[in-house]
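Each chain, letter by letter, is given below.
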Amino acid sequence: TIGVFWHLGFAHMFREECDCVETLEHVMPHQLRGSLPLLCKLLRGEHAASVHFDIFETVVQVVIALLLLLKKRTPILVVLQFEHGTSLYSNTTREDEETFWKMTAALADLVQ
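Residues numbered from 1 in each chain as written. Predicted model: local features only at pLDDT ≥ 70, side-chain atom pairs only at ≥ 80, totals over all residues. Heavy atoms only, no water.

Chemist: So what's going on with the confidence of the model for the protein? Residues and values would help.
Modeler: Averaged over all residues, the pLDDT of the protein equals 77, while 75% of them reach at least 70. No element of the protein has a lower mean pLDDT than helix α1 (residues 2-7), which averages 70, and none a higher one than helix α5 (residues 93-108), which averages 84. (pLDDT = per-residue confidence, 0-100. Helix = DSSP H or I, 4+ residues; strand = E, 2+ residues; numbered from the N terminus.)

Chemist: Mind laying out the side chain of T58, listing which residues take part and the relevant values?
Modeler: Examined against the element boundaries, T58 turns out to sit in helix α4 (residues 53-73). The buried category is assigned to T58, whose relative accessible area is 16%. (Buried < 20%, exposed > 50% of the residue type's maximum accessible area, 1.4 Å probe, protein only.)

Chemist: Please set out a nonpolar patch on the surface residue by residue, giving values where relevant.
Modeler: A cluster of nonpolar side chains, namely I76, V78 and L80, defines an oily patch on the protein surface of about 210 Å² accessible area. In this structure, L80 sits in the loop between α4 and α5. On the basis of relative accessible area, L80 is assigned to the partly exposed category, the value being 37%. (Patch = residues over 30% accessible without salt bridge, like charges linked within 9 Å, V, L, I, M, F, W, Y side chains within 5 Å. Areas by Shrake-Rupley, 256 points an atom, 1.4 Å probe, with all protein chains shown as cover. Salt bridge = Lys/Arg side-chain N within 4 Å of Asp/Glu carboxyl O.)

Chemist: With reference to specific residues and values, describe the packing of helix α2 (residues 20-27) against helix α3 (residues 36-43).
Modeler: Running from amino to carboxyl end, α2 crosses α3 at an angle of 160 degrees, the nearest separation of the two axes being 9 Å. With respect to α3, the element α2 is oriented roughly antiparallel. By crossing handedness, the relation of α2 to α3 is classed as right-handed. Of the residues in α3, those touching α2 at C20, V21, L24 and E25 are L36, L39, C40 and L43. Across the contact of α2 with α3, the residue classes tally to 7 nonpolar, no polar and 1 charged. (Axes fitted to C-alpha atoms, helices over the stretch in contact; angles between N-to-C directions. Parallel < 35°, antiparallel > 145°, perpendicular 65-115°, else oblique. Left-handed = near helix turned anticlockwise from the far one by under 90°. Contact = heavy atoms within 4.5 Å. Nonpolar A, V, L, I, M, F, W, Y, C, P; charged D, E, K, R; others polar.)

Chemist: Break down the nonpolar core for me, with residues and values.
Modeler: Counting residues in each nonpolar core, the largest one holds 14 residues, and the members touching the most others are L24, M28, V62 and L66. Looking at this core, the elements that each hand over two or more residues are α1, α2, α3 and α4. Not counting chain neighbours up to four residues away, the residues in contact with L24 comprise I2, L36, L39, L43, V62 and L66. (Core = buried A, V, L, I, M, F, W, Y, C linked by side-chain atoms within 4.5 Å.)

See below:
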């Protein structure tokens with residue numbers, strides 16, 4: 001999602017590749033800016049000091065907000081894919097599937 005904003009010229013285009021943190025800082029909706037430090041940390045590959053389920057909820061809210069902004073500017077197509085066998089641990093497969101379908105349900109609300 002962030003790369004699309006960069007490609008459409010909503011962030012600094014003088015770079016040859018997308019700087020996700022810089023682009024997110026530029027396009028982040030005002031009402032969600034409080035989550036910017038956490039998201040920038042995650043985009044830089046740093047892990048949060050404590051893992052909370054709130055992180056997932058925050059990321060979903062931001063992705064949906066960014067998709068809504070994009071939807072106003074250009075047609076968009078979102079493809080979600082979950083492949084069996086991609087999980088390293090079989091005991092987390094059920095949790096991975098639940099997370100995938102929860103995200104799918106949240107994104108499906110965009111088209112209804």
